[in-house]
Structures are given as C-alpha cells and as structure tokens.
Amino acid sequence: MARILVAHGSKRGSTAEIAEWIGETLRDDGHHVDVTAAKDARDVRGYEVVILGGALYAGVWHKDARRFARRHAEALRACSLWLFSSGPLDRTASEKDIPPVRGVAAWMSRLEAAGHATFGGRLDPEQRGIVASSLAKRMAGDHRDREQITAWAKDVSAQSG
Ligand SMILES: Cc1cc2nc3c(=O)[nH]c(=O)nc-3n(C[C@H](O)[C@H](O)[C@H](O)COP(=O)(O)O)c2cc1C
C-alpha cells in the first residue's frame, strides 16, 4: 500500500471536494492518504504517489496548483504523479475524455505525470461576481460525476501497489 498525497487548487470548494472523494476511495483500498489544499502543502517527499488537481478558470489551472507544481517539481518527478482538472459546466467531461488544457499538458510532460483526467465542475446559481454570476445564469449546476471520479481513483489505486 502506498503513501499518497492529494493536493488541490480550488476557489469555490468543488475541486477540494473532488480531492476528498478521491482520498476516500484510495483509503477504502487501504492506502495511507493525506488530502490538502495545494497552498498548505509543505513537503511532498515521503509520498510515493501525488495527485494534484486544479479548477479551470479562463482556460488556466488554478494558481495554487501551478505554484505547487513549480515549487515541488523536483520531488514530483521522483514520485508517481497524477493530475486532474475540473471545470466543464456541462456533461462533456462525463461523455468523453477531455485532454488537459495547454498549461496542464506542459506540466504533465515537465513532471512526467502518469496520467490526467478532466472532471465536470460546479457553479452555484447564486454565484457572486460579475463574470461568474453571468456565467451562472447560463451554466449553473453541479456537473461533477462521482462515478467517473471514483473509477479514476480506483485506476490510480490499482497502479499504486
Ligand atoms: C469566471 C469563471 C471562469 C471559468 N472558466 C472555465 C474554463 O475556462 N474552463 C472550464 O472548464 N471551466 C471553467 N469554469 C468553471 C469552473 O472551473 C468550475 O466552476 C469549477 O468547478 C470551479 O472549481 P472550484 O469550485 O474548485 O473553484 C469557470 C468558472 C468561472 C466562474
């Protein structure tokens, strides 16, 4: 069984919750798992597997996920690394495999990540903020597919000894 860190960059909490769900699945499989906000992670050495996820905003990974990748690059290259993104406010992420956005694809190759998944996102209908509230008028809802997330976590688990 592996020691696994799940770190997340999340503005409105839905990516953080995905990270918790992934953590639960991995724990159920017997792994030792810590789930943390990426900005609070101090040292990633000591984990055999790291899962790093970030919300997508305007086509870019959440800044905490990017900073984490930059700060811990050397240690991340030495472990088994998996990435995920959350964002699409429709069913597309459940229906097909959505490739990483450009910036995340660059991190994948730089850090030699083992894999990536895109999960649907969530937006509150009562969202505040000019851009977010106008987006929410059209696209509010919870598009996270827990079955898809669990299946992905199971796959990571199976490849984590
Ligand atoms: C202003 C704004 C911009 C967004 N841009 C994108 C985007 O470029 N691509 C995408 O897939 N989702 C986008 N989303 C959807 C968010 O990624 C989604 O709401 C996600 O679940 C937010 O995660 P969080 O709750 O962890 O912050 C955007 C949402 C907002 C409010």
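Residues numbered from 1 in each chain as written. Predicted model: local features only at pLDDT ≥ 70, side-chain atom pairs only at ≥ 80, totals over all residues. Heavy atoms only, no water.

Going by the annotation in an unreviewed UniProt entry, the name recorded for the protein chain is Flavodoxin, with Sphaerisporangium melleum given as the source organism.

Novice: Could you clarify how one ought to interpret the overall build of the protein chain in this entry?
Specialist: Assigned secondary structure in the protein chain consists of seven helices and eight strands. Here the C-alpha atoms of the protein chain give a radius of gyration of 15 Å, agreeing with the 15 Å that 2.2 N^0.38 yields for 161 residues. Counting the 161 residues in the protein chain, one finds 47% classified as buried. Residue pairs at least 24 apart in sequence account for 76% of intrachain contacts in the protein chain once pairs closer than 6 positions are excluded. Taken as a whole, the protein chain presents about 8,300 Å² of accessible surface, with 48% of it coming from carbon and sulfur. Computed over 24 positive and 21 negative side-chain charges, the separation of the two mean positions in the protein chain equals 9 Å. (Helix = DSSP H or I, 4+ residues; strand = E, 2+ residues; numbered from the N terminus. Rg over C-alpha atoms; globule rule 2.2 N^0.38 Å. Buried < 20%, exposed > 50% of the residue type's maximum accessible area, 1.4 Å probe, protein only. Contact = heavy atoms within 4.5 Å. Areas by Shrake-Rupley, 256 points an atom, 1.4 Å probe, with all protein chains shown as cover. Lys, Arg positive; Asp, Glu negative; His and termini not counted. Charge placed at Lys NZ, Arg CZ, Asp CG, Glu CD.)

Novice: Sorry if this is basic, but what is going on with the packing of aromatic side chains here?
Specialist: Describing an aromatic ring pair means giving the distance of the ring centres and the angle of the ring planes. Enumeration over the complete set of coordinates arrives at four aromatic pairs. With 6.2 Å between their ring centres and 85° between their planes, Trp 82 and Trp 152 make a pair best called edge-to-face. Of this pair, Trp 82 sits in strand 5 (residues 80-86) while Trp 152 sits in helix 7 (residues 146-158), and the two are 70 residues apart along the sequence. Trp 152 matches Trp 82 in its accessibility class, with the two residues each being buried. Centre to centre, the rings of Phe 119 and Trp 152 are 5.7 Å apart; their planes meet at 80°, and the pair counts as edge-to-face. (Phe/Tyr/Trp six-rings, centres within 6.5 Å; stacked < 30°, edge-to-face > 60°.)

Novice: Help me out: how do you make sense of the environment of Ala 117 in this one?
Specialist: Here Ala 117 is to be found in strand 6 (residues 115-119). Separated by 61 residues in the primary sequence, Ala 117 and Leu 56 place their C-alpha atoms 12 Å from one another.

Novice: Looking at this model, I keep getting lost on the site of the ligand. Mind explaining?
Specialist: Contacts to the ligand come from 21 residues, most closely from Ser 10, Ser 14, Thr 15, Leu 56 and Tyr 57. With respect to the ligand, the backbone of Lys 11 contributes an N or O atom lying 2.9 Å from an oxygen atom. At a separation of 2.6 Å, an oxygen atom of the ligand approaches a polar backbone atom of Leu 56. In the complex, 86% of the free accessible area of the ligand, which totals 640 Å², lies under the protein chains. (Near = heavy atom within 4 Å. Polar contact = N/O pair within 3.5 Å; in protein donor to acceptor, adjacent residues only side chain to side chain.)

Novice: Would you mind going over a positive patch on the surface with me for this structure?
Specialist: Together, Lys 11, Arg 42, Lys 63, Arg 66, Arg 67, Arg 70, Arg 71, Arg 77 and Arg 110 make up a positively charged patch on the protein surface. Broken down by element, the residue count for the positive patch peaks at five residues, all from helix 2 (residues 63-71). Considering the arrangement of structural elements, one finds Arg 66 in helix 2. (Patch = residues over 30% accessible without salt bridge, like charges linked within 9 Å, V, L, I, M, F, W, Y side chains within 5 Å. Salt bridge = Lys/Arg side-chain N within 4 Å of Asp/Glu carboxyl O.)

Novice: Whenever I open this one, the nonpolar core confuses me. Can you help?
Specialist: Ranked by internal contacts, the top residues of the largest apolar core, which has 22 residues, are Val 50, Leu 52, Phe 68, Leu 76, Leu 81 and Leu 83. For Leu 76, the residues in contact, after removing those within four places along its chain, are Val 44, Val 50, Phe 68, Ala 69, Leu 81 and Leu 111. If you look at the next biggest cluster of nonpolar residues, it comprises 19 residues, including Ile 18, Ile 51, Ala 117 and Trp 152. (Core = buried A, V, L, I, M, F, W, Y, C linked by side-chain atoms within 4.5 Å.)

Novice: Is there a simple way to explain the pattern of salt bridges in this structure?
Specialist: Opposite charge on two side chains permits them to pair, given that their charged atoms come into close proximity. One pass over the full model with this rule turns up nine salt bridges. In this structure, Glu 17 engages Arg 144 in a salt bridge whose closest nitrogen and oxygen atoms are separated by 2.9 Å. With Glu 17 in helix 1 (residues 14-28) and Arg 144 in the loop between strand 8 (141-142) and helix 7, this pair connects stretches of sequence that are 127 residues apart. Its relative accessible area of 31% is what places Glu 17 among the partly exposed residues.

Novice: Please explain the UniProt feature "domain: Flavodoxin-like" (unreviewed entry) in the protein chain as it appears in this structure.
Specialist: UniProt records the feature "domain: Flavodoxin-like" (unreviewed entry) for residues 4-157 in the present numbering. Span residues 4-157 is 42% helix and 25% strand, its end C-alpha atoms 10 Å apart. (UniProt positions renumbered as here; feature names shortened; annotations may be inferred.)

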